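# Analysis of the macromolecular model
Chain by chain, the residues run as shown.
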Amino acid sequence: AQSVTQLDSQVPVFEEAPVELRCNYSSSVSVYLFWYVQYPNQGLQLLLKYLSGSTLVKGINGFEAEFNKSQTSFHLRKPSVHISDTAEYFCAVSRPDTGRRALTFGSGTRLQVQP
Amino acid sequence: AAGVIQSPRHLIKEKRETATLKCYPIPRHDTVYWYQQGPGQDPQFLISFYEKMQSDKGSIPDRFSAQQFSDYHSELNMSSLELGDSALYFCASSTPDSMNTEAFFGQGTRLTVV
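What comes next is a walk through the structure. (Residues numbered from 1 in each chain as written. Chains lettered and ligands numbered in written order. Predicted model: local features only at pLDDT ≥ 70, side-chain atom pairs only at ≥ 80, totals over all residues. Heavy atoms only, no water.)

### With respect to the overall build of chain B
Across its full length, chain B carries zero helices and eleven strands. Helices and strands appear in chain B in the N-to-C order β-β-β-β-β-β-β-β-β-β-β. Taken over the C-alpha trace, chain B has a radius of gyration of 13 Å; the compact-globule value for 114 residues is 13 Å, and the two agree within 12%. For chain B, the spread of C-alpha atoms along the three principal axes comes to 40 × 25 × 25 Å. Counting across all 114 residues of chain B, residues that qualify as buried make up 51%. Across chain B, contacts joining residues at least 24 apart in sequence account for 53% of those joining residues at least 6 apart. Taken as a whole, chain B presents about 5,500 Å² of accessible surface, with 50% of it coming from carbon and sulfur. Distance between charge centroids for chain B: 7 Å, based on 10 positive and 13 negative side chains. (Helix = DSSP H or I, 4+ residues; strand = E, 2+ residues; numbered from the N terminus. Rg over C-alpha atoms; globule rule 2.2 N^0.38 Å. Buried < 20%, exposed > 50% of the residue type's maximum accessible area, 1.4 Å probe, protein only. Contact = heavy atoms within 4.5 Å. Areas by Shrake-Rupley, 256 points an atom, 1.4 Å probe, with all protein chains shown as cover. Lys, Arg positive; Asp, Glu negative; His and termini not counted. Charge placed at Lys NZ, Arg CZ, Asp CG, Glu CD.)

Given below as structure tokens:
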């Protein structure tokens, strides 16, 4: 079975500073990787996804993530954050080989952008 | 663009009561997933349906059941509610073309059991 570890439960950062949210996964086979954002009292919105190909993936709102197979990581980055980026961020995986399309989520990272 | 619609948005029930949550997927989406997100927790997969048949099962309690109807909407039925069932329940939908690649989430139903 696969699992996802988000190493930081909270990340405080000042506005316009860069940020990296860390995600590591564990799986014996290839997985698809996702980052979702959840604003307070809202549903989950897809930021970006890695399926195959280029290891650098660009998403919405200026976010990008890099897939590193050797380190089994998929860290999310943004060069300059805004107050509006304050939210909960979830890393997730799915297993294309099993046909099981449900997502396994990490425990989430709360990004707190301060003025 | 149409999104996943969940109803109700908020629901308050007493212990041992029953609750029914509804999910209307995006048009032409034939797959529905249910997730439960407890306070401060990550979403946990409960169950999914593809073409009106159960396609996968996660950590869904025996007190819960779900089905997908001919119009592809889905209902999650929860009986003998417990305080620990208080959570945000998400529905997500996807198409065969987006198999394993993207699921679109609804706004969720917040269930409070008192």
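Having seen it, we continue.
### Description of the interface of chain B and chain A
Each partner contributes residues to the interface: chain B has 27 residues there, and chain A has 23 residues. Summed over both sides, the interface between chain B and chain A buries roughly 1,900 Å², with carbon and sulfur atoms accounting for 49% of that surface. At the junction of chain B and chain A, the tally comes to zero salt bridges. At the surface where chain B touches chain A, the tally comes to five residue pairs in polar contact (both at pLDDT 80 or more). At four residues, strand 4 (residues 31-37) of chain B tops the list of elements feeding residues into the side of chain B that touches chain A. (Buried area = accessible area lost by both parts, 1.4 Å probe. Salt bridge = Lys/Arg side-chain N within 4 Å of Asp/Glu carboxyl O. Polar contact = N/O pair within 3.5 Å; in protein donor to acceptor, adjacent residues only side chain to side chain.)

### Examining the side chain of threonine 109 of chain A
All names here are of chain A. Summarising the element assignment, threonine 109 is placed in strand 12 (residues 109-114). Within the local environment of threonine 109, its side chain forms a polar contact with the side chain of glutamine 6, the two groups lying 3.2 Å apart. Discounting chain neighbours no more than four positions away, the residues touching threonine 109 are Gln6, Asp8, Ser9, Val11, Leu21, Ala87, Glu88 and Tyr89.

### What about the sheet that holds strand 1 (residues 5-7) of chain B?
Residues and elements named next belong to chain B. Strand order in the open sheet formed by four strands is 1-3-8-7, with antiparallel pairing between adjacent strands. Only two strands of the sheet have a single partner each, and these edge strands are strand 1 and strand 7 (64-68). Each adjacent strand pair in this sheet contributes to an overall mean axis angle of 15°, direction not counted. Two strands pair when backbone bridges link them, and strand 1 and strand 3 (residues 19-24) are joined in this way by three bridges, in the antiparallel orientation. Looking at the pairing, serine 7 lines up with lysine 22 of strand 3. (Pairing = 2+ DSSP bridges. Axes fitted to C-alpha atoms, helices over the stretch in contact; angles between N-to-C directions.)

Everything listed here is a matter of geometry and, on its own, says nothing about what the molecule does.
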